[in-house]
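Structural overview
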Amino acid sequence: MSSDSLEGWDLVIGLEVHCELDTNTKLFCGCPNSFGDSPNTNVCPVCLGLPGSLPVLNSRAVDLAMRIGAALHCDIRPSRFHRKNYFYPDMPKAFQISQYDAPINCDGWLELTTGKRVGIERAHIEEDTGKTTHLGESGRIQGASSSLVDYNRAGVPLVETVSAPDMNSAQEAKDYVSELRAILVACGASDGKMEEGSLRVDANVSVRRSGSKELGTRCEIKNVNSLKSLGKAIEFEAARQIAVLQQGGTIRQETRHFNEDTGETSSMRSKEDSHDYRYFPEPDLVVISPDEAWIGGIRSGLPPMPAERRALLGSKCGAGSPGTPSSNQVSTVVAHGLDALVLGALDDGADPRIALSRCANEAVARVDAALHLAPTSFSRLVTMESVGDITATQSKLVLGEMLDEVDQKLEELGGSTGGFGGYFEVDPEAIANSKGFEKLDNTTLARTLDDIVESNPGEWERFLAGDEKVAQFFVGQMMKSTRGQADGKAVISLMNARRDKKG
Amino acid sequence: MTSTQRTSFPRQGVRETAIAVKTRFQSASDVLSDCLEEIARCEDKIHAFNLVLDNQARQRASEIDDLIARGIDPGPLAGVPVALKDNICTREIATTCSSKMLERWIPPYNATVVAKLQDAGAVIVGKTNMDEFAMGSSTENSAFGPTRNPCNLDYVPGGSSGGSAASVAAGFVCCALGSDTGGSIRQPASLCGVVGVKPTYGRVSRYGLIAFASSLDQIGPLCVNVGDAALICEVIGGYDPRDSTSIDEPFSGLLDSCDKGVDGIRVGVVTELLAPASPDVQAAFTKCTDKLAAIGAKVDEISIPELSYGLAAYYLIAPAEASSNLARYDGVRYGLRVAGQDVESMMRATRSAGFGPEVKRRIMLGTYALSSGYYDAYYGQAQRVRTLITKAFGRAYESFDVLLSPTSPTVAFGFGAKQDPLDMYNSDIATIASNLAGHPAMSVPFGLGANNLPVGVQVMAPTLGEAVMFQVGAQIEGLAQ
Amino acid sequence: MTDQASRGKISREEVVHIASLARLGLDDGELDAFTRELGAILDHASTVAEIDLRDVSPMSHPIALSNVLRDDVLDECLELEDLQSNAPDFFEGKFRVPKILDEP
């Protein structure tokens, strides 16, 4: 739907974002917190809910949760856990241990890149559930003959960040999630991988007549697995609600499921009594009561957050105001935690535009490797391109191979990037040399251009007559003749020089 | 004689046995053989055990003998035969909670107390019968049939650790572990004429104890004498990083306290806990306090009216926590499963077939107490009563070192005598307050009441007050003889 | 305190609802018995509901401990055989259950 059909209506959105914390072990036991292992191998009596087992809280999870709170400008308070009781096969104890009336973080805010502040109501700690897959033709819950449960994920630490209903468009919701994601990554709390379920978003959506102060009845949309889906789900849901209200109907408060294939939300079948969770204080755990020193240590140990880093990188790169391409590249680089690469290159005097482009495009596409590429190596590559030793096309190829090499070295370390925080040096010159990428001197280039002009006199006449489009023809021919080693810009300036001389 | 005659008698104690084994006066294997013979002779009448570990126990006893032969000290419980309540997890050994739900469940891990007993050289002889999931005061709620009181087979042994109490009273073992949520160690100890101790909440790790009510449950020993119980507490107690509610305080010197006498010790007799007791129990109890006074204790009566709310608060808190703790028995991962069309019907069928009536009753009560609209009135209010009682105890302990009451309002009762649940719940009237407050308490046999059945005296002490509790308990034991 | 609590009684409908929450299937006889027995127990419990305890804070733990934490270090996991041998239905390394009708 287009935003026009919202005319006369306001959209109100609040988001609940579940983030899996990047710990070694689960929230209440020493089982590995890792994604993709073979089913039911990362389980013990505690996370499997065996009779007699007891939970013991992971200190790292508490630290990370407090970091998130600090980064979101929350009050960090004494907190405790409750049991949320409900039956479901993926829930080993038939209750989830979660923070209820005393969450660890309350009352914060997050600033969008537009400058708008979104309130944070709470960011609390809880445990994840197991994973259910459905046997049957569809692979979905409907029509499945039976289901299979893997408890590797059961007990993985989560922080659920609940925003105030402060967002008013799908774009704002997407911006919020992007920014929150960047903050979570910056805190070291999460790898931010939505595709692996490290970040999961539920959206509370309601509509009201423009100008009305009263909130409409909201629906909670689940199963939103990407930013793109989030935008679509919100837009569909808003349109649906408006249509219902315009036809004189009422919105029923319910949970709705987003279908990625159809782009629609649909009512989820859930039992009437399923929301009587019978919360009560978890008797097997004690309160978390951080003192000033603990909280102070968390706050002072917090690395610079994305907003600050964007400002720094933006000013160093001379990036434009929010929304411009260079500013978007700055945001992308910061969101992926790759600012160190660009800053390193700038310190070495590289062209900021080139450093930013290589990082925001090629490096971000392979962020896992790029995070372990030594900034000095990246800097050398960007400098080579800046001074014209290699062309942009060549530079991208060399960077690709550099990251291949990093991947290889990570694999030698055991394939796990999680525990390794170091950098690898990779020599871009060696790679460029091995590929025969050598700087073509201007004399050679000029001679090649002469040859091409001679064989294509008609096109050259058109160029002289001021046909700018034909310039690309010459660039293409030059590339062909030099097997890609010619730099497009260098060719254009050679052509201009040739024209001016003749003229 | 008829079956009403005492079937067998307690065997020698823990310390005596350990010394005999360590000094090679008797081998661990011989000690065990005696036990197994006694079990073979009387167990079919008493039914103290759900499982007797014949082969494993023999193997373990011979390991102990080997150690001793090689001059290695197997520990303070060298060769001591011990029984475990069947809600304490034993690796690769069935742990059933006397429930059909867990009849075939084999834990893949040991409870912390089991590891501690083994490290101290004990020989685990078997798993004892109990009220299903520890819910009951007579062991009649076992899915595998009741246990009989070795003092008189026509009477219940009490509960829920009835099998543990009976196994010690019958002389099957030197010591048994039980669990006490509202009196489940002390009441059966009292009814079977043995010593039973519930330590301070957090003293003994609950890791591997199948939970009934997590904020009340505590493991403790049942023994033939007070000193043995002190030793067992020292062995099984102490900090455990696997239990977040475990107290990091030394748990030692208890045996020494047993020799200190009671001269000048201030003993408070709690009016509200004495009053409900039957005349025979009151008579035995009063004899005990008279004798305590005679050897130098300062005995006085104290009224703690808040305790009268204890039973009601307990029967809201314990079922509430139980309803949550027992929700995991859903037929998905372990234990019983009864087939169903869909997962919810499977869960419902499983739970309906797997739990007995008392367990269902408490799950229902607890679910209700926590459900939307009732939480504040029931569970929330009960938790406030808990504070009230704890504070009242605090005031009482300003004037007294220990508090005394009968452990159970009556001696052992007959099978089927208490059909009304409330009537049964009243058996716990004197014991539950210590669980609500988390305080230590013990039952020491003192004399006989109606039908020549044992009477137990309860000694209560403040948090971490085990030393003074054992000090007084040991004197009561002496006075009883 | 709610009116229901002060009444101290529980209706048969409530018993049905509670049984459903607790995933217990009760037959008519059990429903009748529980309605009666729970009513009597709740009657007794209402002595607690009637005390004025507004100034008393609730106690959920017998001991006042705080910040009991463990280090973020790996511990042993269970073997698949331990899971399989106890599982009612184990299939391809996972626990199999009959079809699920409702989302959580």
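Numbering of residues starts from 1 in each chain and follows the order in which that chain's sequence is written. Each chain gets a letter, beginning with A, and each ligand a number, beginning with 1, in the order they are written. Only residues with pLDDT of 70 or above have their local features reported here, since the model is predicted, and side-chain atom pairs are shown and tallied only from 80 upward, although totals for entire chains, interfaces and linings are computed over all residues. Computation of side-chain values covers all heavy atoms of the structure but excludes hydrogens and water.

This next bit is on the pattern of salt bridges. Should a side-chain nitrogen of Lys or Arg be within 4 Å of a carboxyl oxygen of Asp or Glu, the pair is scored as a salt bridge. Throughout the structure, instances matching the rule amount to 56 salt bridges over all chains. Across the salt bridge formed by Glu-358 of chain B and Arg-361 of chain B, the nearest N and O atoms sit 2.3 Å from each other. With a gap of three residues between them, Glu-358 of chain B and Arg-361 of chain B both fall in helix H13 (residues 357-370), about one helical turn apart. In this structure, Glu-358 of chain B and Arg-361 of chain B share a single accessibility class: buried. Salt bridges linked by common partners bring Arg-83, Glu-282 and Asp-284 of chain A together with Arg-206 and Asp-243 of chain B together as one network. We count a stretch as a helix when DSSP gives it H or I for four or more residues in a row; a strand needs E for two or more, and each element gets its number in order from the N terminus. Only protein chains enter the area calculation, which uses a 1.4 Å probe; residues under 20% of their type maximum are buried, those over 50% are exposed, and those in between are partly exposed.

Time to look at the packing of aromatic side chains. Pairing of aromatic side chains here covers Phe, Tyr and the six-membered ring of Trp, requires ring centres within 6.5 Å, and sorts the geometry by plane angle: under 30 degrees stacked, over 60 edge-to-face, intermediate tilted. Applying the stated rule across the entire model yields 24 aromatic pairs over all chains. On the numbers, 5.6 Å between centres and 70 degrees between planes, the contact of Phe-280 of chain A with Tyr-379 of chain B is edge-to-face. Note that Phe-280 of chain A is positioned in strand E15 (residues 280-281) and Tyr-379 of chain B in helix H14 (residues 376-399), a pairing that runs across two chains. Classification of Phe-280 of chain A by relative accessible area gives buried; the value is 0%. Residue class for Tyr-379 of chain B comes out buried when judged on its relative accessible area of 1%. Between Tyr-374 of chain B and Tyr-378 of chain B, the aromatic rings sit 6.3 Å apart at their centres with planes inclined by 25 degrees, giving stacked as the arrangement.

All names here are of chain B. Per the domain assignment, the segments making up chain B are domain 1 (14-259) and domain 2 (309-380). Buried surface at the junction of domain 1 and domain 2, both sides included, amounts to about 1,600 Å², of which 65% is carbon and sulfur. By definition, the buried area sums, over both parts, the 1.4 Å-probe accessible area that each loses when the two are put together. On the domain 1 side of the contact with domain 2, Met-101, Met-135 and Phe-212 bury the most area, a combined 41% of that side's loss. Summed over the shared surface of domain 1 and domain 2, the number is zero salt bridges. As used throughout, domain bounds are those supplied by an automatic or database domain assignment.

All names here are of chain B. Inter-axis angles, ranging from 0 to 180 degrees, are taken between N-to-C directions of lines fitted to C-alpha atoms, where helices are fitted over the stretch in contact. Across the interface, helix H2 (residues 28-46) lies against helix H3 (residues 54-69) with an axial gap of 7 Å and an inter-helix angle of 155 degrees. Between H2 and H3, the angle falls in the class roughly antiparallel. The segment H2 lies against H3, with Ala-28, Ser-29, Leu-32, Ser-33 and Leu-36 engaging Asp-54, Ala-57, Arg-58, Ala-61, Ser-62, Ile-64 and Asp-65. An angle counts as roughly parallel when it lies under 35 degrees, as roughly antiparallel when it exceeds 145, as roughly perpendicular when it falls between 65 and 115, and as oblique in every other case. Any two residues having at least one pair of non-hydrogen atoms within 4.5 Å are treated as being in contact.

For the rest of this paragraph, the subject is the interface of chain C and chain B. Taken residue by residue, the interface counts 58 residues in chain C and 63 residues in chain B. Taking both sides of the interface into account, the surface hidden between chain C and chain B amounts to around 5,200 Å²; carbon and sulfur atoms contribute 68%. In this structure, the salt-bridge partner of Arg-242 of chain B is Asp-75 of chain C, at a minimum N-O distance of 3.0 Å. Nitrogen and oxygen atoms within 3.5 Å of one another constitute a polar contact, given that in protein one can donate a hydrogen and the other can accept it, and given that sequence-neighbouring residues count only through two side-chain atoms. Linking chain C to chain B there are 17 residue pairs in polar contact (both at pLDDT 80 or more). Sorting the residues of the side of chain C that touches chain B by element identifies helix H1 (3-7), helix H2 (12-21), helix H3 (28-49), helix H4 (80-86) and strand E3 (94-98) of chain C as the ones contributing at least two each. Of the residues forming the side of chain C that touches chain B, the biggest block, 12 residues, is contributed by H3 of chain C.

Turning next to the interface of chain B and chain A. On the side of chain A, 32 residues touch chain B, which itself brings 37 residues to the contact. Overall, the association of chain B and chain A removes approximately 2,700 Å² of surface from exposure, summing both partners, and the carbon and sulfur fraction of that is 61%. When the buried surface of chain B facing chain A is broken down by residue, Ser-244, Arg-328 and Arg-333 of chain B rank first, second and third, together holding 22% of it. Along the contact surface separating chain B from chain A lie one salt bridge. Put simply, chain B and chain A have 15 residue pairs in polar contact (both at pLDDT 80 or more) between them. Broken down by secondary-structure element, the contributors of at least two residues to the side of chain B that touches chain A are helix H11 (310-325), helix H12 (343-354) and H13 of chain B. The greatest single-element share of the side of chain B that touches chain A, amounting to four residues, is contributed by H12 of chain B. Of the residues assigned to the side of chain B that touches chain A, the class counts are 19 nonpolar, 10 polar and eight charged. Lys, Arg, Asp and Glu make up the charged group, whereas Ala, Val, Leu, Ile, Met, Phe, Trp, Tyr, Cys and Pro make up the nonpolar group; the residues left over, Gly among them, are polar.

Our focus in this paragraph is the sheet that holds strand E2 (residues 90-91) of chain C. By this definition, two strands are paired if DSSP reports at least two bridges between them. As summarised here, the arrangement of the four strands in space is E8(A)-E9(A)-E3(C)-E2(C), forming an open sheet in which the pairing is antiparallel. On the outer flanks of this sheet lie strand E8 (131-135) of chain A together with E2 of chain C, each paired with one strand and no other. Of the strand pairs in this sheet, E2 of chain C and E3 of chain C are connected by two bridges, and their pairing is antiparallel. When the sheet's bridge partners are listed, Phe-91 of chain C is paired in E3 of chain C with Lys-94 of chain C.

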